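Tertiary structure, described
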Amino acid sequence: MGRPPVSDELYVVTVTYSPGPHLDRFLATLAHATDRPVTVVMADNGSTDGAPEEAVERYPNVRLLRTGSNLGYGSAINRAVAEYGLTSGTDFFIVANPDVQWGPGSIDLMLEAASRWPNAGALGPLIRDPDGSVYPSARHQPSIVRGGMHAVVGPLWPTNPWTAAYRQDRTDPSERAVGWLSGSCLLLRSEAFATVSGFDERYFMYMEDVDLGDRLEAAGWQNVYVPAAEVLHDKGHSTGRDPARNLAAHHVSTYTFLADRYPSWWQAPLRWAFRGALETRAGLVVRNSRRKARRAQAKGRQ
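Predicted, not measured: the structure shown is a model, and the values here were computed from it.

Moving on: a positive patch on the surface. Taken together, the side chains of Arg287, Arg291, Lys292, Arg294 and Arg295 present a region of like positive charge at the surface. On the secondary structure map, Arg287 appears in helix 11 (residues 268–301).

Dropping the structure here:
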């Protein structure tokens, strides 16, 4: 069992899987994110690059928890939370991807917002992509029409109105309650996380944050967007490794989420429609990816 938290100590849990140089940037910038003492727990899913071990040597506040295999994101977080008793010994804890870079005061700004939102179970910052653009990390829950059209039409028509509505692309950043927040960086209220029994471990990767936000809301908690706090997320670190595998995982997770919300026997045709739409989307995405690859190869030969 890990060391129980002290009164004002904040735990930051991250899942590592050969994170490379991203991890060092994550830990170095964390020093500017909060004035509170911080302990970082790396739930390691089988890294082979040595980065987690190097981090333990370089940073005295870092702990390495080996999960024993690649459990997936949510399962690894749950393991660390249980190992360190974070739902009973502390008011809040952070979960974040190791390819996040922290903006100045970002964690303290989320903690301040938590005091303004006593029913907030999860709070998330404004997330920027490496090019400086704002990633739509605070979204509505995916309804049948809005989420379905985003899934099917989005790959071919990125600026379609259903995607814009679902992602709240045309909404100015403001502190507000939303349907769900990106799991790449979350401040979680320990009581709320315990109430919903943490992440659903059926999700290996993708949609675990959508599911968590939905279950928090169903349990009476809020998901609160705090754009005054900023982080940068180099999400290409994880998604770029194996696009085909990631695409398959995304569609399995999406179907699991939607099928859970429409479980009755008489809703079976709706579940079949979900499956068909996701298969259509997968075909479109794969074809677009191959087309782009061919264009890049042709350009390289010029």
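Moving on: helix 8 (residues 208–218). Within helix 8 the residues assigned to the buried category are Glu208, Asp209, Val210, Asp211, Leu212, Gly213 and Leu216. Positive phi appears at Gly220, one or two residues downstream of helix 8, with a value of about 95°.

We now examine the pairing of strand 6 (residues 120–128). Most of strand 6 is tucked away, with eight of its nine residues classed as buried. Pairing between strand 6 and strand 7 (residues 134–135): two bridges, direction antiparallel. Paired with Arg128 across the two strands is Val134, which belongs to strand 7. The turn linking strand 6 back onto strand 7 is made up of five residues, and Gly132 within it adopts a positive phi angle of 95°.

Looking now at empty space enclosed by the protein. With the rule as written, the count across this model stands at one cavity of 30 Å³ or more. Here the largest cavity is characterised by a volume of approximately 30 Å³. The wall of the largest cavity is formed by Ala122, Leu181, Leu186, Asp209, Leu212, Gly213, Leu216 and Asn223. With four residues, helix 8 is the largest single contributor of residues to the lining of the largest cavity. Its residues assigned to classes, the lining of the largest cavity shows five nonpolar, two polar and one charged.

Throughout the structure, instances matching the rule amount to five aromatic pairs. Look at Tyr11 and Tyr84: their rings are 5.7 Å apart centre to centre, the planes differ by 50°, and that puts the pair in the tilted class. Note that Tyr11 is positioned in strand 1 (residues 10–16) and Tyr84 in the loop between helix 3 (73–83) and strand 4 (92–96), a separation of 73 residues in sequence. Feature note: the residues Tyr73, Phe93, Phe193 and Phe199 constitute an aromatic cluster, connected by ring pairs.

All right, on to the nonpolar core then. Counting 33 residues, the largest nonpolar core has Phe26, Val40, Ile94, Trp102 and Ile107 as its most contacted members. Element by element, the count of residues in this core is highest for helix 4 (residues 106–116), at five residues. Beyond its immediate stretch of four places on either side in the chain, Ile94 contacts Leu10, Tyr11, Val12, Val13, Trp102, Ile107, Met110, Leu186 and Leu187. Listed in part, the 30 residues of the second largest apolar core include Ala76, Val81, Leu126 and Leu181.

As a further point, take the pattern of salt bridges. Within this structure, the stated rule accounts for six salt bridges. A salt bridge links Arg202 to Asp200; the nearest nitrogen and oxygen atoms lie 2.7 Å apart. On the basis of relative accessible area, Arg202 is assigned to the partly exposed category, the value being 49%. Exposure remark for Asp200: the relative accessible area of 17% places this residue in the buried category. Note that Arg215 is salt-bridged to Asp211, the shortest N-O span being 2.7 Å. Residue Arg215 and its partner Asp211 are both found in helix 8; the two are separated by four residues, about one turn of the helix. Judged by its relative accessible area of 2%, Asp211 falls in the buried class.

Take the pairing of strand 2 (residues 38–44) next. Among the seven residues of strand 2, seven are classified as buried, and the element is accordingly described as predominantly covered. Of the two faces of strand 2, the one carrying Val38, Val40, Met42 and Asp44 and the one carrying Thr39, Val41 and Ala43 are both buried. Two elements, strand 1 and strand 2, share seven bridges in a ladder whose sense is parallel. The residue bridging Tyr11 from the neighbouring strand is Thr39, located in strand 2. Once you follow strand 1 into helix 1 (residues 22–30) and on to strand 2, the crossover reads as right-handed. Each parallel crossover has a hand, and for strand 2 linked through helix 2 (residues 51–58) to strand 3 (residues 62–66) it is right-handed.

Cut-offs applied
- Residues numbered from 1 in each chain as written.
- Predicted model: local features only at pLDDT ≥ 70, side-chain atom pairs only at ≥ 80, totals over all residues.
- Heavy atoms only, no water.
- Patch = residues over 30% accessible without salt bridge, like charges linked within 9 Å, V, L, I, M, F, W, Y side chains within 5 Å.
- Areas by Shrake-Rupley, 256 points an atom, 1.4 Å probe, with all protein chains shown as cover.
- Salt bridge = Lys/Arg side-chain N within 4 Å of Asp/Glu carboxyl O.
- Lys, Arg positive; Asp, Glu negative; His and termini not counted.
- Charge placed at Lys NZ, Arg CZ, Asp CG, Glu CD.
- Helix = DSSP H or I, 4+ residues; strand = E, 2+ residues; numbered from the N terminus.
- Buried < 20%, exposed > 50% of the residue type's maximum accessible area, 1.4 Å probe, protein only.
- Pairing = 2+ DSSP bridges.
- 1 Å grid on protein atoms, 1.4 Å probe; cavity = no way out; pocket = protein on both sides within 12 Å on 5 of 7 lines; lining within 4 Å.
- Points joined across faces, edges and corners; volume = space filled by probe spheres on them.
- Nonpolar A, V, L, I, M, F, W, Y, C, P; charged D, E, K, R; others polar.
- Phe/Tyr/Trp six-rings, centres within 6.5 Å; stacked < 30°, edge-to-face > 60°.
- Core = buried A, V, L, I, M, F, W, Y, C linked by side-chain atoms within 4.5 Å.
- Contact = heavy atoms within 4.5 Å.
- Right-handed = clockwise from strand over helix to strand, strands pointing away.

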